[in-house]
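A structural walkthrough
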Amino acid sequence: MQKYSLFSLIKNAFSNHQNWEVAWKDPTPKKEYDVIIIGGGGHGLATAYYLAKEHKITNVAIIEKGWIGGGNVGRNTTIVRSNYMHDENGLFSEFGMNLWRNMSQDLNFNVMFSPRGIINLAHSDAQMNVYSRRGNSMLLNGIDAVLLNREQVKEIIPMADFSDNVRFPIFGGLMQPSAGTARHDAVAWGYARQADAMGVDIIQNCEVVDFDVSGGKIKGVRTSKGDIKANKIGLCVAGSTNFLAEKLNMTLPIETHLLQACVSEPIKPILDKVVTFGAGHFYVSQSDKGEMVMGGDLDGYNSYSQRGNLPTLQHVLTEGIAMFPFLSKLKMLRTWGGIMDMSMDGSPIIDKTHIEGLYLNCGWCYGGFKATPASGWTFAYTIAQDRVHELNAGYSLNRFSTGHLIDEKGLGTKTWIS
Amino acid sequence: MLHIKCPHCGLRSQNEFAYGGDATIKRPELNKEVSDLEWDKFVYLRKSPRGKHLELWHHISGCRQWIKVQRDTLTHEIFKTLKADEEI
């Protein structure tokens, strides 16, 4: 594979950039693979990459119904963080933060990782107490956390509404300085390019229509491009998890819901942090192009449509304007939606299943993008070793029946409630 | 914007309703032994189909009645609405 560098850039300039190698090939599927990953999103691509890199398993196919970067990996709001209270989430995400920090070098692809810091705003004394507790838990797990008072927040984001007469005054906030953003498309392309270079077949526009299961073991998949055999299959399809699980006669603790995001017209640099509203569900950051990138609540009812509805968008942006009044002056450039695999406790599932050779990676709710490297790394481990790693041991499928829930937000089973 | 025909009030906009989830889930019978598996199924497991879905909505800013709605989760087409105690 051609290495991307200043030297290769100059060299290719002499031939008018006509001779760059393709980033990944477009192979026809083989009859059989050691491992098939269903879903060519961030998590699937990362899984294939770490299977090849860490476990030397390169006879791998990624089967993607659409195209690389067309699903949630290209639809998220690019936030990377590990500001969790529970050990399972904190340790898993912080392991991921270390992968994020080296990702551009590791993939030889600039993922524009920008550890600009994230601030969760607090709007009451009680909320400050909760954030203080969460911050302490983070520190105990080796994650950086700073509790800010009102004046400190005002110094960092003076454009927020600090006037006296507001419904939700800012009491302070919890900041994770090492959190930030990354270019989501680059993450998908970087993983795809490296996985391809190590021998992984990335098969796009190929839909899985059914599974071949016999004697309690997985044998392969039936796809729109023919049958493909494999004794190990990883299901990594986010919002389509329920749809494919039904073909396996599995009912999961997952519901599929729609989440919207939007960007404003580009403006000059104003916000150099990721900020979340504490009295509702709204988050915002500014992209390198200058657009304000915003998101918030789910549409709130089961949906596979990948298109959102206006009432939710209006609700979310009302919260945004309450926090940053200047947002009301901006024109909206684009809005879009993606379908989320909402688990019943808000935490993911990375586990084996009752079908031998079938592995499950789902339940990422709102937080799939930041988990991309850690999810891929642990899922690759689970597939290669046929057992869970200690990092994903808590993300078991049976935790719902045994009562070992990881209810980070304390929302109970209706994680779609806003 | 969804338009939901409340069986009590007629056609109203989505803004008046709150969503209540899968309407096909049945609570295990009262005063009977319930296995962990049954309880697990009732509390956590959801089919979440792509296509026709029977669901509960609460007409919270209207008549405050719970209703059932049969809706397509891919196209958002609403096929039928029922009173809470009616079966499809």
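Per chain, the residues get numbers from 1 upward, laid out in the order the sequence is written. A letter from A marks each chain and a number from 1 marks each ligand, given out in the order of writing. Thresholds applied to this predicted model are a pLDDT of at least 70 for local features of residues and 80 or more for the giving and counting of side-chain atom pairs; totals over whole chains, interfaces and linings are not thresholded and use all residues. The basis for every side-chain value is the complete set of non-hydrogen atoms in the structure, without hydrogens or water.

A word on the overall build of chain A
Numbering of helices and strands runs from the N terminus; a helix is a DSSP stretch of H or I covering at least four residues, while a strand is a stretch of E covering at least two. When you go through chain A residue by residue, the secondary structure sums to 11 helices and 19 strands. Radius of gyration: over C-alpha atoms. The globule rule applied is 2.2 Å multiplied by the number of residues raised to the 0.38 power. The C-alpha atoms of chain A give a radius of gyration of 22 Å, which matches the 22 Å a tight globule of 418 residues would have. Taking all 418 residues of chain A together, the buried fraction comes to 58%. Sequence separation of 24 or more characterises 75% of the internal contacts of chain A that already satisfy a separation of 6 or more. Only the protein chains shown count as covering a residue, and every accessible area follows the Shrake-Rupley method with a 1.4 Å probe. A total of about 17400 Å² of accessible surface is found on chain A, and carbon and sulfur atoms cover 52% of it. Here's how the labels work: a residue is buried when its accessible area is under 20% of the maximum for its type, exposed when over 50%, partly exposed in between, all with a 1.4 Å probe on protein chains only. Contact criterion: two residues are considered in contact whenever any of their non-hydrogen atoms come within 4.5 Å of each other.

Re the overall build of chain B
For chain B, the helix and strand inventory stands at 1 helix and 6 strands. Listing each helix as α and each strand as β along chain B from the N terminus yields β-β-β-α-β-β-β. Projected onto its principal axes, the C-alpha positions of chain B cover 40 × 30 × 20 Å. Buried positions account for 41% of the 88 residues belonging to chain B. A sequence separation of at least 24 residues applies to 44% of the contacts in chain B between residues at least 6 apart. For chain B, the computed accessible surface area is about 5300 Å², with 50% contributed by carbon and sulfur atoms.

Considerations on the nonpolar core
All names here are of chain A. Counting residues in hydrophobic clusters, the biggest one holds 46 residues, and the most contacted among them are Ile37, Leu45, Leu51, Val60, Phe92, Trp100 and Tyr191. Sorting the residues of this core by element identifies β1 (35–38), α2 (42–55), β2 (60–63), α3 (87–101), α4 (103–107), α7 (184–197) and α10 (372–385) as the ones contributing at least two each. Not counting the four nearest positions on each side in its chain, Trp100 is found in contact with Val80, Phe113, Ala182, Val187, Phe369, Lys370, Thr372 and Pro373. Among the nonpolar cores identified, the runner-up in size contains 36 residues, and Ile38, Ile233, Met250 and Leu360 belong to it. We define the nonpolar core as a collection of buried residues of types Ala, Val, Leu, Ile, Met, Phe, Trp, Tyr and Cys that are connected through side-chain atoms lying within 4.5 Å of one another.

Quick word on the sheet that holds strand β10 (residues 217–223) of chain A
Each strand in a sheet pairs with another by means of backbone hydrogen bonds, the pair being arranged parallel or else antiparallel. Residue and element names in this part refer to chain A. At least two bridges found by DSSP between two strands is the condition for calling them paired. Pairing is antiparallel in the open sheet, where 3 strands are placed in the order β9-β10-β11. With one partner strand each, in any of the chains shown, β9 (208–214) and β11 (226–229) form the two edges of the open sheet. Pairwise comparison of adjacent strand axes, ignoring direction, gives a mean angle of 25° for this sheet. Of the strand pairs in this sheet, β9 and β10 are connected by 6 bridges, and their pairing is antiparallel. Opposite Asp210, over in β10, you have Arg222 as the bridge partner. Note on geometry: axes are C-alpha line fits, over the in-contact stretch for helices, and angles between N-to-C directions span 0 to 180 degrees.

Description of the sheet that holds strand β16 (residues 292–302) of chain A
Residues and elements named next belong to chain A. Pairing is mixed in the open sheet, where 8 strands are placed in the order β5-β6-β4-β14-β15-β16-β13-β17. On the outer flanks of this sheet lie β5 (146–149) and β17 (332–343), each paired with one strand and no other. If you compare each strand with its neighbour and ignore which way they point, the axes differ by 25° on average. Sheet analysis places β5 next to strand β6 (residues 172–176), joined by 4 bridges and oriented antiparallel. By the bridge assignment for β6, Leu148 is matched with Gly173. Strands β4 (118–122), β5 and β6 of the sheet are contacted by helix α5 (residues 125–140), whose axis makes an angle of about 20° with β6. Of the strands in this sheet, β4, β13 (254–264), β14 (274–277), β15 (282–286), β16 and β17 touch helix α9 (residues 310–323), which is tilted by about 140° from β16.

Looking at the side chain of Glu319 of chain A
Residues and elements named next belong to chain A. With respect to the element layout, Glu319 can be found in helix α9. Counted as positive: Lys and Arg. Counted as negative: Asp and Glu, with His and the chain ends omitted from the count. Salt bridge, as used here: a side-chain nitrogen of Lys or Arg that lies within 4 Å of a carboxyl oxygen of Asp or Glu. No salt bridge is formed by the buried Glu319; the nearest opposite charge belongs to Lys409, separated by 11 Å. Pairing of N or O atoms within 3.5 Å defines a polar contact, subject to two protein rules: one partner must be a possible hydrogen donor and the other a possible acceptor, and residues neighboring in sequence count only if both atoms are side-chain atoms. At a separation of 2.7 Å, a polar atom in the side chain of Glu319 contacts the main-chain amide nitrogen of His281. Non-local contacts of Glu319, meaning those with residues more than four positions away in its chain, are made with Phe277, Gly280, His281, Phe282 and Asp297.

In short, shape yes, function no, at least from these values alone.
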